[in-house]
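Fold and contact review
What follows is the residue order along each chain.
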Amino acid sequence: MPKILIVDDDPIIRNLLVQILEPFEERGVELLTAENGNIALETAKKERPDLVFLDVMMPKMNGFEVCSVMKHDDEIKNAYVVMLTAKGQEVDRKKAKDAGADLYITKPFTLSELIATVSQILRIDIACNM
């Protein structure tokens, strides 16, 4: 069963992403959440998600650090990491790429963009009627 890990320190954003991705849950995808980088790494090692949505600005460990640790860990390096952030500057995009992020999406994002991204990564076709 595919797994998606949603990592954001803002509970409103985490809950919004869970709601947006519910159609995937109905297709057998397990949705996991973490409120900071440390919990994200613990969850990733335990659950081995296929896809991780990772915020950049978080306490304890920022998203760049979490991504770098994940991509250098043989157990979880194959997770597809999508940086989902309000930081849209080119320097931040470069940091994400250097950390090993697979994709960089800036907030605000559209629901259809997010659903299309997940559909493509997990190869699960979900129609977006939003």
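Quick summary incoming for the structure in this document. (Residues numbered from 1 in each chain as written. Predicted model: local features only at pLDDT ≥ 70, side-chain atom pairs only at ≥ 80, totals over all residues. Heavy atoms only, no water.)

1. With respect to the pattern of salt bridges
By the definition in use, this model includes 10 salt bridges. Residue lysine 107 is joined to aspartate 8 by a salt bridge in which the shortest nitrogen-to-oxygen separation is 3.2 Å. Placement of the pair is lysine 107 in the loop between strand 5 (103–106) and helix 5 (111–122) and aspartate 8 in the loop between strand 1 (3–7) and helix 1 (11–25), with a sequence separation of 99 residues. The class of lysine 107 is partly exposed, set by a relative accessible area of 22%. Assessed through its relative accessible area of 3%, aspartate 8 is described here as buried. Measuring nitrogen to oxygen at the nearest pair gives 2.6 Å for the salt bridge that ties aspartate 73 to lysine 45. You can see aspartate 73 sitting in the loop between helix 3 (63–71) and strand 4 (80–85) and its partner lysine 45 sitting in helix 2 (residues 37–47), a full 28 residues away along the chain. The exposure class of aspartate 73 is buried, given its relative accessible area of 14%. Taken together, the shared-partner salt bridges connect Lys45, Arg48, Asp73 and Glu75 into one network. (Salt bridge = Lys/Arg side-chain N within 4 Å of Asp/Glu carboxyl O. Helix = DSSP H or I, 4+ residues; strand = E, 2+ residues; numbered from the N terminus. Buried < 20%, exposed > 50% of the residue type's maximum accessible area, 1.4 Å probe, protein only.)

2. A short note on the packing of helix 3 against helix 4 (residues 90–99)
Where helix 3 contacts helix 4, the two axes come as close as 8 Å, and the packing angle between them is 20 degrees. As judged from the angle between their axes, helix 3 and helix 4 are roughly parallel. Contacts between helix 3 and helix 4 involve Phe64, Cys67, Ser68 and Lys71 from the first element and Asp92, Lys95, Ala96 and Ala99 from the second. (Axes fitted to C-alpha atoms, helices over the stretch in contact; angles between N-to-C directions. Parallel < 35°, antiparallel > 145°, perpendicular 65-115°, else oblique. Contact = heavy atoms within 4.5 Å.)

3. Focus on the side chain of asparagine 36
Tracing the sequence through the fold places asparagine 36 in the loop between strand 2 (30–34) and helix 2. On the basis of relative accessible area, asparagine 36 is assigned to the buried category, the value being 8%. Here asparagine 38 takes part through its backbone nitrogen, which lies 3.0 Å from a polar atom of the side chain of asparagine 36. The residues touching asparagine 36, leaving out its near neighbours within four places in the chain, are Val7, Met58, Pro59 and Lys60. (Polar contact = N/O pair within 3.5 Å; in protein donor to acceptor, adjacent residues only side chain to side chain.)

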